[in-house]
Amino acid sequence: MDFLEPFHIQIVGVAVALVAIVAAAVYFSFKKSKKGCLDPENFKQFKLVKKTQISHNVAKFRFELPTPTSVLGLPIGQHISCRGKDSLGDEVIKPYTPTTLDSDLGHFELVIKMYPQGRMSHHFREMRVGDYLAVKGPKACANRRAILSFQGRFKYQPGQVRAFGMLAGGSGITPMFQVARAILENPKDKTKVHLIYANVTHEDILLKEELDGLAANYPDRFKIYYVLNQPPELWNGGVGFVSKEMIQAHCPAPAADIRILRCGPPPMNKAMAAHLDALEYSPEMQFQF
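On a predicted model such as this, the values are computed, not experimentally measured, just so you know.

Overview of the UniProt feature "binding site: FAD" (unreviewed entry) in the chain
Step number 1: Under the UniProt annotation, the feature "binding site: FAD" (unreviewed entry) is placed at Pro95, Tyr96, Val111, Lys113, Met120, Ser121 and Thr174.
Step number 2: A residue is classified by how much of its surface remains accessible, and Pro95, at 28% relative accessible area, is partly exposed.
Step number 3: With respect to the helices, strands and loops of the structure, Ser121 is situated in helix H2 (residues 119–126).
Step number 4: Here Tyr115 takes part through its backbone nitrogen, which lies 3.0 Å from a polar atom of the side chain of Ser121.

Pasting the structure below:
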């Protein structure tokens, strides 16, 4: 039977080669499937597969990607442009930040606060499961006070800074939540996150369950301080508007290895910029979404 040994070796060799080829094909196919679905120049259509009403004017929208393993491909802290029609039928385009990451395969989600007179709010309010949303991206929000190291666009690498301070108001929480999730869910990233989140009433707080979950799961790395302009009777958070004293108490002190991010309504952004300047945070330490 010795004459069969070379033949046996050949078969084994061919089998090993075939396994290697198949493995390589699967690997490169997987890599290819990980290519993002976004196009920065052209709008693409994504199907709404689930709409969850969170409150009277807030809903979570889940959109399907082409395959169960597809990723959106949006860089952390950046935005997509969504196109729709207002109540008069006119086209409107507005930037939004998904609350999902590329670790969430096959779909992306938007948490939208729908304002009575909001033009894009009308489009989302009228959307039904099965409808399609036109999306392109990534789109970086305009940043009038660009951090030099980020070159006017938020680009994050694990361990880039020792700590982030975050100042968010209303729906400005969405980019903060996305960045915080990316940091905290990366076991190799030791960056700490200190978030101050301001709203008018308790009912206005977006993603509260998810934010409290981050605080519970990462108590040494994520701290959140809620501020309400009209708090309920039993309330142990901040009251009124975000002040310099709150920033001093709940955000990292000025240093070369920290950054303060802010995103909220224009009046809040302006007030926070003034507070940070007064507290001697240099322009390089600040970034506005």
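Structural notes on the pairing of strand E4 (residues 91–96)
Step number 1: The sheet contact formed by strand E3 (residues 79–85) and E4 spans 6 bridges and is antiparallel. Its bridge partner being in E4, Cys82 is matched across the sheet by Lys94.
Step number 2: From the end of E3 to the start of E4, which pair antiparallel, there are 5 residues, and Gly89 there has a positive phi angle of about 85 degrees.

A few points about the packing of aromatic side chains
Step number 1: Taken as a whole and assessed by the stated rule, the structure comprises 8 aromatic pairs.
Step number 2: Among the aromatic side chains, those forming a connected cluster through ring pairs are Phe46, Phe61, Phe63, Tyr96, Phe108 and Phe124.
Step number 3: A cation over a ring is seen here: Arg83 above Phe43, with NZ or CZ 4.3 Å from the ring centre.

Structural notes on the sheet that holds strand E1 (residues 44–55)
Step number 1: Pairing within the open sheet is antiparallel, and its 6 strands lie in the order E4-E3-E6-E1-E2-E5. With partners counted over all chains shown, the strands left at the sheet margins are E4 and strand E5 (107–113), one partner each. Averaged over all adjacent pairs, the angle separating strand axes in this sheet is 40 degrees, with direction ignored.

Comments concerning the side chain of Asn199
Step number 1: Mapped onto the elements, Asn199 comes out in strand E8 (residues 192–199).
Step number 2: Relative accessible area serves as the criterion here: at 9%, Asn199 is assigned to the buried category.
Step number 3: Contacts of Asn199, omitting those with residues within four sequence positions, involve Gly170, Asp204, Ile205, Val227, Leu228 and Asn229.

Rules and cut-offs
- In every chain, residue numbers begin from 1 and rise along the written sequence.
- Per-residue local features of the predicted model are confined to residues with pLDDT of at least 70, and side-chain atom pairs are confined, for both listing and counting, to 80 or more; whole-chain, interface and lining totals are unaffected and use all residues.
- Water and hydrogen atoms play no part in the side-chain values, which are based on all heavy atoms of the structure.
- UniProt positions are given in the numbering used here, feature names are shortened, and annotations may be inferred rather than shown by experiment.
- Buried residues are those whose accessible area, probed at 1.4 Å on protein chains only, stays under 20% of the maximum for their type, while exposed residues exceed 50% and partly exposed ones sit between those limits.
- Put simply, DSSP marks the helices as runs of H or I at least four residues long and the strands as runs of E at least two long, and each gets a number from the N terminus on.
- As used in this structure description, the phrase polar contact means that two N or O atoms lie within 3.5 Å; if the pair is within protein, one of them must be able to donate a hydrogen and the other to accept it, and residues adjacent in sequence are counted only when both atoms belong to side chains.
- At least two bridges found by DSSP between two strands is the condition for calling them paired.
- Each Phe, Tyr or Trp ring, with Trp reduced to its six-membered ring, pairs with another whose centre is within 6.5 Å; inter-plane angles below 30 degrees give stacked pairs, above 60 give edge-to-face pairs, and intermediate values give tilted ones.
- A ring is scored as having a charge over it whenever the NZ atom of a lysine or the CZ atom of an arginine sits within 6 Å of its centre and within 35 degrees of its normal.
- Throughout, an axis means a line fitted to C-alpha atoms (over the contacting stretch in the case of helices), and angles, computed between N-to-C directions, take values from 0 to 180 degrees.
- Note on definitions: a residue-residue contact is assigned when non-hydrogen atoms from the two residues lie within 4.5 Å.

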